[in-house]
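# Report on the structure
So the chains spell out like this:
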Amino acid sequence: EVQLVESGGGLVQPGGSLRLSCAASGFTFSNYAMTWVRTAPGKGLERVSAINSGGSRTTYADSVKGRFTISRDNAKNTLYLQMNSLKPEDTAVYYCAKNLIDDYYRMEYNYWGQGTQVTVSS
């Protein structure tokens with residue numbers, strides 16, 4: 001059974017940092033691209049960042065470029081999202097998703113985590 005379990009969300013002040021983690025199990029993690037997506041009230045689903053299976057290629061939404069960093073540890077079956085210089089507009093539920101294949105650019109997913117809430121507010 002595939003499981004994706006996010007952690008690391010919380011309340012942070014503007015300008016602060018958080019690191020999200022996604023622990024994966026039930027599949028060969030190192031064979032698949034992985035993605036972070038987010039959703040906020042009144043907004044659609046947004047792909048935040050994605051990474052290929054080996055961790056050598058990444059992509060970011062323009063809204064987070066230069067502030068967020070995606071990474072992965074295939075030995076630990078874990079995906080990360082380092083979020084710096086957080087803004088109120090980053091407030092959302094963040095989900096990790098397993099890509100259907102090892103193509104980090106294609107937005108096709110077959111498994112999702114339960115999500116972790118990130119709230120940026122003073």
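Residues numbered from 1 in each chain as written. Predicted model: local features only at pLDDT ≥ 70, side-chain atom pairs only at ≥ 80, totals over all residues. Heavy atoms only, no water.

### Considering the nonpolar core
One finds Trp36, Phe68, Leu79, Leu81, Met83 and Tyr94 to be the most contacted residues of the largest nonpolar core, which totals 27 residues. When residues of this core are assigned to their parent elements, the largest contribution, four residues, is made by strand β3 (residues 18-25). Not counting residues up to four positions away in its chain, the partners in contact with Leu79 are Leu20, Ser21, Cys22, Phe29, Met34, Thr35, Trp36, Ile51, Ile70, Ser71, Arg72 and Cys96. (Core = buried A, V, L, I, M, F, W, Y, C linked by side-chain atoms within 4.5 Å. Buried < 20%, exposed > 50% of the residue type's maximum accessible area, 1.4 Å probe, protein only. Helix = DSSP H or I, 4+ residues; strand = E, 2+ residues; numbered from the N terminus. Contact = heavy atoms within 4.5 Å.)

### Some thoughts on the sheet that holds strand β7 (residues 68-73)
As a general point, the strands of a sheet are linked pairwise by backbone hydrogen bonds and lie either parallel or antiparallel. Ordered in space as β1-β3-β8-β7, the four strands form an open sheet in which the pairing is antiparallel. Because the sheet does not close on itself, it has two edges, and the strands there are β1 (3-7) and β7. Ignoring which end each strand starts from, the neighbouring axes of this sheet average 15° apart. Pairing analysis gives six bridges linking β7 to strand β8 (residues 78-83), with the strands arranged antiparallel. Note that in β8 the partner of Phe68 across the bridge is Met83. (Pairing = 2+ DSSP bridges. Axes fitted to C-alpha atoms, helices over the stretch in contact; angles between N-to-C directions.)

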